[in-house]
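Residue-level structure breakdown
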Amino acid sequence: MATAGAPRRFCRCACFCTENLYVARYGLHVRFRGEQQLRRDYGPILRSRGCVSTKDFQQLLAELEQEVERRRRLGLESATRKALIASSYRLARPEVYDSLQDAALAPEFLAVAEYSASPSADLKGLLQRLETVSEEKRIYRVPVFTAPFCQALLEELEHFEQSDMPKGRPNTMNNYGVLLHELGLDEPLVTPLRERFLQPLMALLYPDCGGGQLDSHRAFVVKYALGQDLELGCHYDNAELTLNVALGKVFTGGALYFGGLFQAPTALTEPLEVEHMVGQGILHRGGQLHGARPLVTGERWNLVIWLRASAVRNRLCPMCCREPDLVDDEGFGDGFTREEPATVDVCALT
């Protein structure tokens, strides 16, 4: 009897609906399993941040219950939006959806990727080809996209933003932006970028974080503008590694800041500030605490790719710091995997 190789299914951890719920008004991530638990675990810090009256607390409670329900419906609603966009949206810049070409990538990035994939590549040689933003924090910068490609991608994103197509929030902290898999840009753009270019680079920079075992991602564009999102509170990413590329436009303010790893007791002592440079990407570990300073003028658009390695996260969920409780999900889920039951080759039985 012959069986096919057991396929893998991507999943999320059940903690997605209970852990790390962001309350922007109070600048706090909370764990939420009900009113009594919330009062017990966060009462003092919530009061110190302005949640004082019964009305304040009831409003917070309603917001958290609404967020939990939103997260539970997220996979199905995202798949529904993606299908509608694929059937009804008219592209502004069709060339952006072509399979990723070298012409879209900065020469420096192509050189770094080529070196990283060579048999003689090592970390010392790679670091000579990158800008080290912080050796201690292992933060690096490299040009990723050409200016013409950044402009074309921005035009497509703005066209989509102005359309009547349904739009999902890019993540649980940002309200304005685009999920690239819903727009149909995962397959032609993000997957080849991860597999062909980022994988060998990250394998050298972050071998201890799964850099050589990246097998999924979550990619989104975030937008900051006056009257919309202006800043981003301190957080860490649901990813082993992160690439953050500034796409434009013209703006002042909005610098990134980095602390230590989220597990460290003094993680935000003397944060490091990093200015954005259009077309250039910042590489860092997902567990590095970071945020964005307030935008002062203009608009800022950034492409963020959370790079995930199931070989790492299947052992320990980075969000609840426990063995993941796997729940089936759409697409890449949250990067966790489990093997599906092997299928029997019926033909081999006859």
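Residues numbered from 1 in each chain as written. Predicted model: local features only at pLDDT ≥ 70, side-chain atom pairs only at ≥ 80, totals over all residues. Heavy atoms only, no water.

With an unreviewed UniProt entry as reference, the chain is termed 2-oxoglutarate and iron dependent oxygenase domain containing 2, source organism Aotus nancymaae. Quoted verbatim from the Cofactor (unreviewed entry) field of UniProt, the annotation for the chain is "L-ascorbate". (UniProt positions renumbered as here; feature names shortened; annotations may be inferred.)

**A word on the pattern of salt bridges**
Per the counting criterion, the structure on display carries 29 salt bridges. Note that D208 is salt-bridged to R138, the shortest N-O span being 3.0 Å. In this pair, D208 sits in the loop between α7 (186-205) and β7 (216-225) while R138 sits in the loop between β4 (131-134) and β5 (139-143), placing the two residues 70 residues apart along the sequence. With relative accessibility at 18%, the residue R138 sits in the buried group. One salt bridge in this structure joins K223 and E161, with 2.8 Å as the shortest N-O distance. One end of the pair, K223, is in strand β7; the other, E161, is in helix α5 (residues 147-162), and 62 residues separate them in sequence. By relative accessible area, E161 is classed as partly exposed at 29%. One connected set of salt bridges, linked through shared partners, spans E19, R31, R33 and R322. (Salt bridge = Lys/Arg side-chain N within 4 Å of Asp/Glu carboxyl O. Helix = DSSP H or I, 4+ residues; strand = E, 2+ residues; numbered from the N terminus. Buried < 20%, exposed > 50% of the residue type's maximum accessible area, 1.4 Å probe, protein only.)

**A short note on the packing of helix α1 (residues 35-48) against helix α2 (residues 54-88)**
Between α1 and α2, whose axes approach to 12 Å, the crossing angle comes to 125 degrees. For the element pair α1 / α2, the angle class is oblique. Handedness of the α1/α2 crossing: right-handed. Contacts from E35, L38, R39 and L46 of α1 reach α2 at F57, Q58, L60, L61 and L64. Taken together, the residues of the contact of α1 with α2 break down into six nonpolar, one polar and two charged. (Axes fitted to C-alpha atoms, helices over the stretch in contact; angles between N-to-C directions. Parallel < 35°, antiparallel > 145°, perpendicular 65-115°, else oblique. Left-handed = near helix turned anticlockwise from the far one by under 90°. Contact = heavy atoms within 4.5 Å. Nonpolar A, V, L, I, M, F, W, Y, C, P; charged D, E, K, R; others polar.)

**As for the domain arrangement of the chain**
Per the domain assignment, the segments of the chain are domain 1 (14-88) and domain 2 (94-339). Between the C-alpha centres of domain 1 and domain 2 the distance comes to 24 Å. Across the domain 1 to domain 2 interface the summed buried area is about 1,900 Å²; carbon plus sulfur atoms make up 59%. Applying the counting criterion to the domain 1 and domain 2 interface returns four salt bridges. In this structure, K82 and E187 form a salt bridge, with 3.8 Å as the shortest nitrogen-oxygen distance. Taken together, domain 1 and domain 2 are joined by six residue pairs in polar contact (both at pLDDT 80 or more). Per-element accounting of the side of domain 1 that touches domain 2 gives the leading share, twelve residues, to α2. In the side of domain 1 that touches domain 2, the residues fall into eight nonpolar, five polar and seven charged. (Domains from an automatic or database assignment. Buried area = accessible area lost by both parts, 1.4 Å probe. Polar contact = N/O pair within 3.5 Å; in protein donor to acceptor, adjacent residues only side chain to side chain.)

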